[in-house]
Amino acid sequence: MAVAEAQLYAKVSSKHRSRGTSALLEPLLAKGFPAHIAQKALVATGQKTIEDAAKWLHSHCNDPSLDDPIPQEYALYLCPTGRLHSRLQDFWKESKRQCGKNRAHEVFPHITLCDFFTCEDQKVELLYDILKRVGDSFSQIFPPSISLTLHASPSYLGFFIGDSQANVLKEFAVAFSSEASALADCHVKPSLKQFHLTLAHRFYPHHQKTLEQLAKCINPGEPCQWVAALYSRDMRFVHYQRLRALFQYKPQNIDELMINAGDLIYVDPTQQCDVSEGWVIGTSHRTGCRGFLPENYTEKAHEADTWVKHREYVFETASRSFTKTEKEPNVKLNGEAHNPSLSRSATNVLSLQNAALRRGVLVMHHGERVDQVFGKSWLQQCRTADGKYYRVDLNFPSSLPRRKDSMKQFECDPPLSCCGIFQSRLIGEALLDQEVTVSYVYSSPALRCVQTAQHVLQGLKLNQKVKIRVEPGLFEWTKWEASRAIPNFMTLAELVEASYDIDTSYRGNFPLSSLVPSESYEDYVSRSSAVIKQIITACPSKGVILIVGHGSSLTPLTRALTGLPNRDSGDFAQMVRKIPSLGMCFCEERKEENKWQMVNPPVKTLTHGANAAFNWRNTIMED
C-alpha cells in the first residue's frame, strides 16, 4: 500500500492547482475548511449540496488520508433507462439467483465511452461543463434507437452495438476526451473497440446455456432513453474487495473499526494472512478510518456500490415512447433518470422456469456444539464425583441421552449446546414461514447432526411425520478427528430411545465399518460425491431433501451435485473455518436441462454475538 501511494503522490504533487472557487466551495471556505479539503469533500459527494459535503467532512474528521493529494478516477458511461433498464435489472437479479455472481454483477448495465482517468479536484467542474457542451453538440445526431445484438461465448454474454450507432458513440467519446484532455488537463482515452453492453462475464461454462436463455427474454427493442453519466471512484482501492456491514459494531479495542449497518468497507485480500480467524482488516468508505472488524458482521458488496455519480446528460430522442410528468434538465445532479418500478411481466417471464415445484437439496452445518463453547474438557466440567451429569452452565444441555457405553464417548461425539438447539429450531421455524416443503431428511451419525435435524423438524412441525435417515457416509473428513479414530456413535436403538425420530428401516449407503480413520482428501471428496448421488437417486419425489452434516460437508456435496470441480485441498480448511453454525447451501434441480445448480437458500443467515461467562463476585466486588 505504501509503495502504491508513493507512486500516486508523485503523480499528482507537481501539478499546478488553481484557486478558482465555486458556489458550493465558498460556503465551506467561510466555515474555515482549507480549500483542498473542502474540494475533496465536494468531489467525494458528487458536488450535490453543501450539506452533503459538510456531513462527509464531519464523518472523515479522523481520516488519516484527509490531506492526501490523490485525486479521484472518473469514467464516462452510456446507461439505459426506462423499460430496457428494468428488463436488464430483472436479468441481473435472476442470473445471480440461478447461476451465482459473475463479474458483470459488480457494475450496473452500461456501455463504456471513456474508461477511468484521473482529474484534479478543483478541475472536476470543467468536466461537467464539457459533458453538457459535447452532449448539446451531439443531441441532434444521437441515434433515435440503438441496435443491440446478442453475442455469447463460454466466458462472455452481452449485446454488441450496431456499427452505424457505434460510430456516433465513438465520435461522442472522442469529442469528450479531447476537450477534457485540453481544458481539464486530463489524460482521457475514449473507448474505440467494439461497443458492447455486458450481461455476464467470467462465469462457469456450464452456466452459459441458462444465461443465454435468460438473455433471450430481454427485448432489446424496448423503449429506452440513454444517458451519458460521469462516475468517480477512489483510485487507492481499485483492487480491493468491498464488504457491506450488516450490523453495527462498536470497537472493544483501540485497533478495531467502528461500523454502522450499511457501511461499505474496503478490504485488501493480500493483508488478511496474519489476521485472526473470523476477523478482517479494512478501511471504512464512510469515515476513511482503518481497523479490524468481525467478518460475520458483513456481506460482499459490489464494486460500483462505492462509486459516486456526478452528472449525466440525457439524450432526448424523437422516438421516445414514454413521457415525463414534468420537464427535467439535460444535465442533472445525482439521481437516476429511470422508472424505478420493475416490470412484473418481465420477472414472470424470467421466473417461468421456477413456477413448478422442483426438487431441492438443502445442505446444512449442524448447530453450536457444546465443546465449541466450553472446550474439549467440557465433560470434566459437568461430571460429579460419582460420575453423574451436572449442568454447570445454562448453555450446557439440560440432560444427556442414555447410551450403553461410557459417558466418556460424548467427548468424541459431543451434543449440541442449548443455544445450538435454539438455533436449529429457529431455522426450522424460518423454513416453515417460507413454506419450504421438506420431503426427506438425512443426517450424519454424529449426535450433534441428529439433534440439529430433530430440532429443525420440530421448528417445521414435521417431527414424527418425516423420519431422519442416519447416513454414515455424511460424516466429516475423518482426518480431522482428534482421536485419530472413528467415534463410537449412538446406535439407532439408543437414538430412538432418546425420542429422536429415526427411520429405523433405512440402511446407509456407507456402513460405519467403511469409514477409514485419517482418510485422504481425495477419498473424502469421493465418498461425499458418491453419497450425494445415491441420496438423489433414492429421493425421486418433489420437495426439499434436507441434509445435516458438518462444515466440511457443504463444499464437496454441493460441488459434486452441480458438476463443479473440487476445491484445492490447500485452502479447504481455511474455507471450512468460515462456515458458521447452521450455515447452509441450497441446490435446485433443472430437470429440463438435466442438471442441478446452486441458488440462494430459502431463509436468511443466522448471526449472533458471543456471550462470555460472567462472575459477579470477581467483576462487581473486586476493587
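Everything here concerns the structure above.
Residues numbered from 1 in each chain as written. Predicted model: local features only at pLDDT ≥ 70, side-chain atom pairs only at ≥ 80, totals over all residues. Heavy atoms only, no water.

A. Summary view of helix 12 (residues 418-433). Here helix 12 contains 16 residues, and its C-alpha end-to-end distance of 23 Å stays within 8% of the 22 Å for a straight helix at 1.5 Å per residue. Along helix 12, the residues that are buried comprise Gly420, Gln423, Ser424, Ile427, Gly428 and Leu431. In an axial view of helix 12, the angular spread of the buried residues amounts to 135°, which keeps them on one side of the axis. Turned more than 90 degrees away from the buried face of helix 12, the exposed residues are Phe422 and Asp433. At the exit of helix 12 stands Glu435, carrying a positive phi of roughly 55°. (Helix = DSSP H or I, 4+ residues; strand = E, 2+ residues; numbered from the N terminus. Expected span 1.5 Å × (residues − 1). Buried < 20%, exposed > 50% of the residue type's maximum accessible area, 1.4 Å probe, protein only. Arc of directions from axis to C-beta.)

B. Main features of the layout of surface pockets. Estimates place the volume of the second largest pocket at around 1,000 Å³. Along its surface, the second largest pocket is lined by 33 residues, and Arg103, Glu106, Val107, His201 and Glu303 are the ones closest to its centre. Only strand 2 (111-119), strand 5 (196-201) and strand 7 (241-245) provide two or more residues apiece to the lining of the second largest pocket. A class-by-class count of the residues in the lining of the second largest pocket yields 15 nonpolar, nine polar and nine charged. Of the residues that make up the lining of the second largest pocket, three or more belong to each of domain 2 (71-235) and domain 3 (238-305). (1 Å grid on protein atoms, 1.4 Å probe; cavity = no way out; pocket = protein on both sides within 12 Å on 5 of 7 lines; lining within 4 Å. Points joined across faces, edges and corners; volume = space filled by probe spheres on them. Nonpolar A, V, L, I, M, F, W, Y, C, P; charged D, E, K, R; others polar. Domains from an automatic or database assignment.)

C. Inspection of the nonpolar core at higher detail. In terms of nonpolar packing, the biggest core is built from 53 residues, with Leu78, Leu127, Phe176 and Leu199 touching the most fellow members. If sequence neighbours within four positions are ignored, Leu127 has contacts with Tyr74, Phe117, Cys119, Phe176, Ala180, Ala184, Cys186 and Leu230. One finds Phe410, Ile468, Ile502 and Phe586 within the second-largest nonpolar core, a separate group that totals 43 residues. (Core = buried A, V, L, I, M, F, W, Y, C linked by side-chain atoms within 4.5 Å. Contact = heavy atoms within 4.5 Å.)

D. Focus on the sheet that holds strand 18 (residues 584-590). In space, the six strands of this open sheet follow the order 16-15-17-14-18-19, with mixed pairing throughout. A strand with exactly one partner marks an edge of an open sheet, and here the two such strands are strand 16 (468-470) and strand 19 (595-599). The average undirected angle you get between the axes of adjacent strands in this sheet is 25°. Relative to strand 19, strand 18 is paired through five bridges, and the arrangement is antiparallel. Its bridge partner being in strand 19, Glu589 is matched across the sheet by Trp596. Against the sheet, helix 5 (residues 83-99) engages strand 18 and strand 19, with an angle of about 115° to strand 19. (Pairing = 2+ DSSP bridges. Axes fitted to C-alpha atoms, helices over the stretch in contact; angles between N-to-C directions.)

E. Representation of the pattern of salt bridges in the model. Within the structure shown, the criterion is met by 28 salt bridges. Between Glu303 and Arg103 there is a salt bridge whose closest N-O contact spans 3.0 Å. Pair noted here: Glu303 is in the loop between strand 11 (298-300) and strand 12 (308-314) and Arg103 is in the loop between helix 5 and strand 2, with a separation of 200 residues, a long-range link. When its relative accessible area of 36% is taken as the criterion, Arg103 is described as partly exposed. (Salt bridge = Lys/Arg side-chain N within 4 Å of Asp/Glu carboxyl O.)

F. Quick look at the pairing of strand 1 (residues 72-82). Burial runs high along strand 1: eleven of the eleven residues are buried. Both strand 1 and strand 6 (residues 224-234) contribute to a ladder of eleven bridges, which runs antiparallel. Its bridge partner lying in strand 6, Tyr74 is registered against Ser232. Judged from the six bridges that link them, strand 1 and strand 2 form a sheet pairing that is antiparallel. From the neighbouring strand, Leu78 faces strand 2, where its bridge partner is Ile111.

G. Focus on the sheet that holds strand 7. Strands sit in the order 10-9-8-7-11 across an open sheet of five strands; the sheet is antiparallel. Edge positions in the open sheet fall to strand 10 (290-294) and strand 11, since each of these has one partner strand only. Taken pair by pair, the neighbouring strands of this sheet meet at an average axis angle of 45°, ignoring direction. With four bridges joining them, strand 7 and strand 8 (residues 264-267) adopt antiparallel strand pairing. The residue of strand 8 that forms the bridge with Arg242 is Tyr266.

H. The environment of His60, seen in detail. Within the element layout of this structure, His60 appears in the loop between helix 4 (50-59) and strand 1. Residues His60 and Ser284 lie 224 residues apart in sequence; the distance between their C-alpha atoms is 9.7 Å. Setting aside residues no more than four positions away along its own chain, His60 makes contact with Leu66, His285, Arg286, Thr287 and Gly288.

I. Examining empty space enclosed by the protein more closely. Considering all chains together, one arrives at one cavity of 30 Å³ or more under this definition. The calculated volume of the largest cavity comes to roughly 30 Å³. Forming the walls of the largest cavity are Tyr240, Tyr266, Val267, Asp268, Gln271, Gln272, Ile281, Gly282, Thr283 and Arg290. Among the elements that make up the lining of the largest cavity, the one with the highest residue count is strand 9 (residues 279-284) (three residues). For the lining of the largest cavity, a count of residues per class yields four nonpolar, four polar and two charged.

J. Up close: the packing of aromatic side chains. One pass over the full model with this rule turns up 31 aromatic pairs. A centroid spacing of 5.3 Å and a plane angle of 75° characterise the contact between Phe116 and Trp307, whose relative ring orientation is edge-to-face. One end of the pair, Phe116, is in strand 2; the other, Trp307, is in the loop between strand 11 and strand 12, and 191 residues separate them in sequence. Given a relative accessible area of 17%, Phe116 falls into the buried group. On the basis of relative accessible area, Trp307 is assigned to the buried category, the value being 9%. (Phe/Tyr/Trp six-rings, centres within 6.5 Å; stacked < 30°, edge-to-face > 60°.)

K. Summary view of helix 8 (residues 208-215). Those residues of helix 8 that sit buried are Gln208, Thr210, Leu211, Leu214 and Ala215. Seen from one end, helix 8 has its buried residues packed into an arc of 165°, which puts them on one side.

L. Here's a closer look at the side chain of Lys595. Positionally, Lys595 belongs in strand 19. We classify Lys595 as buried; its relative accessible area is 16%. A polar contact is formed between the side chain of Lys595 and the side chain of Glu593, at a distance of 3.3 Å. Apart from the residues lying within four places of it in its own chain, the contact partners of Lys595 are His206, His207, Thr210, Glu588, Glu589 and Arg590. (Polar contact = N/O pair within 3.5 Å; in protein donor to acceptor, adjacent residues only side chain to side chain.)

M. Representation of the packing of helix 15 (residues 521-538) against helix 16 (residues 554-562). Across the interface, helix 15 lies against helix 16 with an axial gap of 8 Å and an inter-helix angle of 60°. It follows that helix 15 is oblique to helix 16 by the angle criterion. Between helix 15 and helix 16 lies a crossing of right-handed hand. On helix 16, the residues that touch Tyr524, Ser528, Ser529, Val531, Ile532 and Ile536 of helix 15 are Pro556, Leu557, Ala560 and Leu561. Per-class residue counts for the contact of helix 15 with helix 16 are eight nonpolar, two polar and no charged. (Parallel < 35°, antiparallel > 145°, perpendicular 65-115°, else oblique. Left-handed = near helix turned anticlockwise from the far one by under 90°.)

N. Quick peek at the environment of Ser553. With respect to the helices and strands, Ser553 occurs in the loop between strand 17 (543-549) and helix 16. With 78 residues separating them in the primary sequence, Ser553 and Phe475 have C-alpha atoms 8.1 Å apart. Beyond its immediate stretch of four places on either side in the chain, Ser553 contacts Val363, Leu474 and Tyr524.

Keep in mind that these numbers describe shape and distance, not what the molecule does.
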